[in-house]
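This is what each chain is made of:
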Amino acid sequence: VADVDLFVLGGGSGGVACARRAASHGARVALAEHSRVGGTCVIRGCVPKKLMSYGAHFADWFKIARAYGWDLEMPDLDFRRLLENRNREIERLNGVYLAMLERAGIQLLEGSARIAARTADGFAIEVAGRRITADRVLLAVGASPNLPAIPGAELAVTSDELLEQVYAKPRRLIVVGAGYIGLEQSSIFLGLGVETHLVLRRDLPLNGFDEDLRRELTGQLEERGMKIHRNTQVSGIEKANDGFVLHTSGGDLAGDKVLLATGRNPRPNTGGIGLEELGVQLDAAGAVRVDQAFESNVRGLYAIGDCSDHAFGCEAGTAAEELGLSSGEFDLTPVAIAEGRAVAERLFNANPTSVGYRIVPTSVFSIPQAASVGLAEHRARQIGHAVQVFKTRFRPMLQTVAAIAGFRTEERILMKLVVDKDTDRVLGCHMVGDDAAEIIQSLAVALMAGATKAEFDATMALHPSAAEEFVTLYQPAA
Ligand SMILES: Cc1cc2nc3c(=O)[nH]c(=O)nc-3n(C[C@H](O)[C@H](O)[C@H](O)COP(=O)(O)OP(=O)(O)OC[C@H]3O[C@@H](n4cnc5c(N)ncnc54)[C@H](O)[C@@H]3O)c2cc1C
């Protein structure tokens, strides 16, 4: 008999979710983690970045407070205190995760795990000098920042360092990368009063998102003072007297911190852990290829979350083919959790649930926020929908009084619905503006339920709110 029923490599969102669900069904589970339990999301991703974003938001509130009658001088920011308190909260959450594993009776092994062999009745895993046998193995090892092959790349930081470490507030931050991580970090630091440069390879950031959302957000970031360098290629980083110089096709940029936010890659994490020896199939990015049960080509070996290809291309006529998406677009915490639970349900509760990828809400926690669920307009057109678009752009109510008092007025909310003209189904909802993530999460329920535009229209508005605009959009856009 094997030592455990399930061995989980990686104590992040997906690994912990699977281990806990499996244990709740009576499975004997061991989990290995070589950093801190909680994984990318809790330790160096979603959670610390949202806390930093809250920190940066105060700048706006202080500025408009005066219009609402509050006399206050612009207060000073103790940047170190922000980072230290952020880290205290991460410590607390790490403790919560450890306690959850312990309560569930999951054996935690600290160290780097690798699959040493396939045995007659399963697998042998080595971790911290121990060898443990398991009937089944779950790979939930996540992904790592992808550094471009330019000289001096090692002089830059990645989001890992910015979100985990305590450091002095930079005066000038240069962010390379057009994905959501680059946008979030650049706008957070801009909000914290740092001169911020964002270097984009193309004209617009957030490839794949709805174009109206991309344009609106970029325009607003520029109006807020972010220096955006479009269509700019980077060629190297060098040390300078008081910081670094980034060489680009548009000239040199000087800063005292350079953030490379140029994507994430599963390969470093899926390499060197015994997968080559077992003949596990990986895709070009190094993600483990899995079927709809999240099983790899090696029976009994499963993979979920960022280190997997999310069963891409398995479901005919759905996400992959139909929507023209890439598997990396599903590298999100709730997706990893859903996949982890699905594996546990199938293996230990005779409940073969699947994971749906059609309606995956997602947000960019920039300032202002942007969020989407369902299809972007261009994708809806690409796959042959007769598209009708409804949109509105307006000044947030919070800002109206501020505008009267002569304060910053450029902030706008953008809301957009993409509708199929033939069926009246709402295919996509997109928003730029504060609370976009909260609003889009609720609209995801409507999209899951297959709501039509007529049903949006028949929904009573909640007044006065920004969200009510989503149910009062009357005229289609030309
Ligand atoms: C800056 C940033 C912001 C993000 N913001 C969001 C967001 O707002 N919303 C959202 O949904 N998603 C966000 N994400 C993505 C989200 O964090 C990931 O999709 C999610 O963490 C994936 O979970 P996972 O379980 O697949 O992997 P991870 O959470 O990465 O966990 C993998 C774990 O495995 C461990 N490990 C790796 N190899 C081994 C080994 N050989 N032995 C033992 N342990 C090992 C690692 O240390 C890690 O703890 C963000 C990511 C980043 C980087």
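How each quantity is defined
Residue numbers here run from 1 along each chain, matching the order of that chain's written sequence. pLDDT decides what is reported in this predicted model: residues at 70 or higher carry local features, side-chain atom pairs at 80 or more are listed and counted, and totals for whole chains, interfaces and linings draw on all residues regardless. Side-chain numbers here rest on the full set of heavy atoms in the structure, without hydrogens or water. Only runs of H or I of at least four residues qualify as helices and only runs of E of at least two qualify as strands under DSSP, and these elements are numbered from the N terminus. Both definitions apply: the radius of gyration is a C-alpha atom measure, and the globule rule equals 2.2 Å times residues to the power 0.38. Exposure categories follow from relative accessible area, calculated using a 1.4 Å probe and restricted to protein chains: below 20% of the type maximum is buried, above 50% is exposed, and the middle band is partly exposed. We call two residues contacting when some pair of their heavy atoms lies within 4.5 Å. Areas reported as accessible are Shrake-Rupley estimates using a 1.4 Å probe. Residue values count occlusion only from the protein chains shown. Definition of nearness: a residue and a molecule or strand are near each other if at least one heavy atom of the residue lies within 4 Å of the molecule or strand. Throughout this description, a polar contact denotes any pair of N or O atoms lying within 3.5 Å of each other; where both atoms belong to protein, one of them has to be capable of donating a hydrogen while the other can accept it, and for residues adjacent in sequence the pair is counted only when both atoms sit in side chains. Amino acids outside the nonpolar list (Ala, Val, Leu, Ile, Met, Phe, Trp, Tyr, Cys, Pro) and the charged list (Asp, Glu, Lys, Arg) are all regarded as polar, and Gly is one of them. Think of it this way: a Phe, Tyr or Trp ring, Trp meaning its six-membered ring, pairs with another when their centres are within 6.5 Å, and the plane angle makes it stacked under 30 degrees, edge-to-face over 60, tilted otherwise. Counting rule for charge: Lys and Arg are taken as positive, Asp and Glu as negative, and neither His nor the chain ends is counted. We define a salt bridge as a contact between a side-chain nitrogen of Lys or Arg and a carboxyl oxygen of Asp or Glu at a distance within 4 Å. An expected span of 1.5 Å times one less than the residue number is assigned to each helix. By definition, two strands form a pair when at least two bridges between them are found by DSSP.

### Focus on the overall build of the protein chain
Argument step 1. Scanning the protein chain from terminus to terminus reveals 15 helices and 21 strands.
Argument step 2. Taken against the 2.2 N^0.38 rule, which gives 23 Å for 478 residues, the C-alpha radius of gyration of the protein chain at 24 Å falls within 12% of a compact globule.
Argument step 3. Considering the protein chain as a whole, with its 478 residues, one finds that 52% of them fall into the buried category.
Argument step 4. Long-range pairs, those at least 24 residues apart, make up 64% of the contacts in the protein chain between residues at least 6 apart in sequence.
Argument step 5. Carbon and sulfur atoms provide 51% of the accessible area of the protein chain, an area that totals close to 21100 Å².

### Side note on the site of the ligand
Argument step 1. Looking at the ligand, there are 37 residues lining it, with Gly14, Glu33, Thr40, Lys49 and Asp306 nearest.
Argument step 2. Here an oxygen atom of the ligand and a backbone polar atom of Gly14 are 2.8 Å apart.
Argument step 3. Taking Asp331, its main chain carries an N or O atom lying 3.2 Å from an oxygen atom of the ligand.
Argument step 4. Considering the ligand on its own, with 1000 Å² of exposed area, one finds that the protein chains cover 95% of that surface.
Argument step 5. Listed by contribution, the elements that provide at least two residues to the shell around the ligand are α1 (13-24), β2 (29-33), α2 (39-44), α3 (46-65), α5 (159-164), α6 (180-191) and α11 (333-348).
Argument step 6. The biggest single contributor to the shell around the ligand is α2, with four residues.
Argument step 7. A per-class count over the shell around the ligand returns 14 nonpolar, 17 polar and six charged.

### Observations concerning the side chain of Thr452
Argument step 1. Its location among the elements puts Thr452 in the loop between α14 (436-448) and α15 (453-458).
Argument step 2. When its relative accessible area of 18% is taken as the criterion, Thr452 is described as buried.
Argument step 3. In contact with Thr452, other than residues within four places in its own chain, are Thr423, Asp424, Arg425 and Val426.

### Points about the packing of aromatic side chains
Argument step 1. Counted according to the given criterion, the structure contains five aromatic pairs.
Argument step 2. On the numbers, 6.0 Å between centres and 35 degrees between planes, the contact of Phe58 with Phe62 is tilted. Residue Phe58 and its partner Phe62 are located together in helix α3, separated by four residues, close to a single helical turn.
Argument step 3. Pairing Phe330 with Tyr357 gives two aromatic rings, centres 5.1 Å apart and planes at 65 degrees, and the pair type is edge-to-face.

### Side note on the environment of Val471
Argument step 1. Relative to the elements of secondary structure, Val471 occurs in the segment after α15.
Argument step 2. Residues Val471 and Ala454, spaced 17 residues apart in sequence, show a C-alpha to C-alpha distance of 9.3 Å.
Argument step 3. Each residue touching Val471, except ones within four places of it in the same chain, is listed here: Phe456, Asp457, Thr459, Met460 and Ala461.

### Here we look at the side chain of Glu339
Argument step 1. When you line up the elements, Glu339 lands in helix α11.
Argument step 2. This buried residue, Glu339, is left without a salt bridge; Arg341 holds the nearest opposite charge, at 12 Å.
Argument step 3. In this structure the side chain of Glu339 is engaged in a polar contact, spanning 2.6 Å, whose partner is the side chain of Tyr357.
Argument step 4. Glu339 has contacts with Phe294, Ile304, Gly305, Ser308, His310, Val355 and Tyr357, leaving out every residue within four places of it along the chain.

### With respect to α1
Every α-helical turn comprises 3.6 residues, leaving residues that sit three or four positions apart pointing alike.
Argument step 1. For α1, with twelve residues, the first-to-last C-alpha span of 17 Å sits near the 16 Å given by 1.5 Å per residue.
Argument step 2. Across the twelve residues that make up α1, a large majority, nine, are buried.
Argument step 3. Considered for burial, the residues of α1 that qualify are Ser13, Gly14, Gly15, Val16, Ala17, Cys18, Ala19, Ala22 and Ala23.
Argument step 4. Turning to α1, the residues buried within the fold contact β1 (4-9), β2, α2, α4 (79-103), β6 (130-139) and α11.
Argument step 5. Two residues or fewer past α1, Gly26 is found with a positive phi of approximately 95 degrees.

### Observations concerning the pairing of strand β18 (residues 370-374)
Argument step 1. Among the five residues of β18, four are classified as buried, and the element is accordingly described as predominantly covered.
Argument step 2. Relative to β18, strand β17 (residues 362-364) is paired through three bridges, and the arrangement is antiparallel. Bridge pairing links Val364 to Ala370 in β18.
Argument step 3. The hairpin turn running from β17 into β18, its antiparallel successor, is five residues long.
Argument step 4. As paired strands, β18 and strand β21 (residues 426-432) are joined by five bridges and run antiparallel to one another.

### With respect to helix α7 (residues 211-223)
Argument step 1. Counted at 1.5 Å a residue, the expected span for α7 with its 13 residues is 18 Å, and the 18 Å between its end C-alpha atoms agrees.
Argument step 2. Looking at the buried side of α7, the elements it contacts are α6, β10 (227-229), β18, β19 (387-394), β20 (413-420) and β21.
Argument step 3. The opening residue of α7, the one whose side-chain oxygen lies 3.0 Å from the backbone nitrogen of Asp212, is Asp210.
Argument step 4. After α7 finishes, the residue Gly225 shows a positive phi value of roughly 110 degrees.

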